[in-house]
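Each chain, letter by letter, is given below.
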Amino acid sequence: MSVGELAGLLVAVFWAVLVTLLAVVLVRLSRVLKEATVLVSAVTEQAVPLLVDAGAAVRSANEQLERVDEITANVQDAAANANALSSTVAATIGGPLVKVAAFSYGVRKAVSRQQAGLTLPQQPGEREELARLIRAEVRAATAPRGGLVGRVRRAVRG
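Residues numbered from 1 in each chain as written. Predicted model: local features only at pLDDT ≥ 70, side-chain atom pairs only at ≥ 80, totals over all residues. Heavy atoms only, no water.

### Overview of the overall build of the protein
Heads up, the rule is: A run of H or I in DSSP counts as a helix once it spans at least four residues, and a run of E counts as a strand once it spans at least two, with each numbered from the N terminus. Only protein chains enter the area calculation, which uses a 1.4 Å probe; residues under 20% of their type maximum are buried, those over 50% are exposed, and those in between are partly exposed. To be clear on the numbers: accessible area is Shrake-Rupley with a 1.4 Å probe, and residue cover counts the displayed protein chains and nothing else.
Secondary structure assignment for the protein yields three helices and zero strands. Ordered by position from the N terminus, the helices and strands of the protein form the series α-α-α. For the protein, with 158 residues in total, the buried portion stands at 6%. Accessible surface computed for the protein: about 13,100 Å², of which carbon and sulfur atoms make up 67%.

### Regarding the packing of aromatic side chains
Each aromatic ring pair is described using two quantities: the centre-to-centre distance and the angle formed by the ring planes. Quick note on the threshold: Aromatic pairing here means that ring centres of Phe, Tyr or Trp (its six-membered ring) are within 6.5 Å. Orientation follows from the plane angle: under 30 degrees is stacked, over 60 is edge-to-face, and everything else is tilted.
Tallied over the entire structure, the rule returns one aromatic pair. Their ring planes at 70° and their centres at 6.2 Å tell us that phenylalanine 14 and tryptophan 15 sit as a pair that is edge-to-face.

### Considerations on a negative patch on the surface
Test applied: Residues enter patches when their relative accessible area tops 30% and they take part in no salt bridge; the joining distance is 9 Å for like charges and 5 Å for the nonpolar side chains Val, Leu, Ile, Met, Phe, Trp and Tyr. Here a salt bridge means any side-chain nitrogen of Lys or Arg lying within 4 Å of a carboxyl oxygen belonging to Asp or Glu. Working convention for charge: Lys and Arg count positive, Asp and Glu count negative, and His plus the chain ends are omitted. Think of each charge as sitting on NZ of Lys, CZ of Arg, CG of Asp or CD of Glu.
Negative charge collects at one region of the surface, where Glu63, Glu66, Asp69 and Glu70 lie side by side. The topology assignment puts glutamate 63 in helix H1 (residues 3-115). With relative accessibility at 45%, the residue glutamate 63 sits in the partly exposed group.

### Some remarks on the pattern of salt bridges
It is possible for side chains bearing opposite charge to pair when their charged atoms get close. Going through the model one piece at a time under the given rule, you end up with one salt bridge. Close ionic contact of glutamate 129 with arginine 132 constitutes a salt bridge, the shortest N to O distance being 2.4 Å. Here glutamate 129 pairs with arginine 132, and both are found in helix H2 (residues 124-142), just three residues apart, close to one helical turn. Judged by its relative accessible area of 37%, glutamate 129 falls in the partly exposed class. For arginine 132, a relative accessible area of 44% gives the class partly exposed.

### Notes on the confidence of the model for the protein
Spelled out, the test is: The predictor reports its confidence for every residue as pLDDT, a score running from 0 up to 100.
Per-residue confidence for the protein gives a mean pLDDT of 83, with 85% of residues at or over 70. The weakest mean pLDDT in the protein belongs to helix H3 (residues 148-157) at 66; the strongest belongs to H1 at 89.

### A few points about a nonpolar patch on the surface
Taken together, the side chains of Met1, Leu6, Leu9, Leu10, Val13, Val17 and Leu21 present a nonpolar region at the surface, about 720 Å² in accessible area. Relative to the helices and strands, valine 17 is located in helix H1.

In C-alpha cells, the structure reads:
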C-alpha cells in the first residue's frame, strides 16, 4: 500500500465516522423536534380555553366596573341632595332657633338681674340704649356666616 492509498483510506474512514456521527445527531434532533411539536400542540390545546376564560373574566369585570360607576354616580347625587337638604334645614330652622336662643338668653339675664335686686332702666335714654344692645346681640348671633350655609341663607331670604 502506498502513501496515497493510505491517505485515501484514512480520509474514507474519517468521512464514514463523520457521516455516522452526523446521522446520530440528526436522528436525535428529529426526536427533539417531534417532542417539541407534541409539546406545542398540547400547550395550544390548553391555552385556547384559558384565553377564552380570561376574556370572559375581563368582560365580566368590565361590566361590574360599569355598575360600580353607576352606583358611585348615584351615591354622589344622593350626597349632594343630602347636603343641600341639610343646608336648607339649617337655613330655615337655624335662624329662628338662634333668635329664640338669643331672646331666651336676654330674658334669663333680665330675670336674674331682677331677682338679684337690680332694676331695669327707668329712663327713656337707658331703655333705648338697652334695646340697641339687645338688637346688636341678636344681629350678631343671627348674622349669616361665610360658606355654603351663608349663601343658602341669603338665597332663602331673597
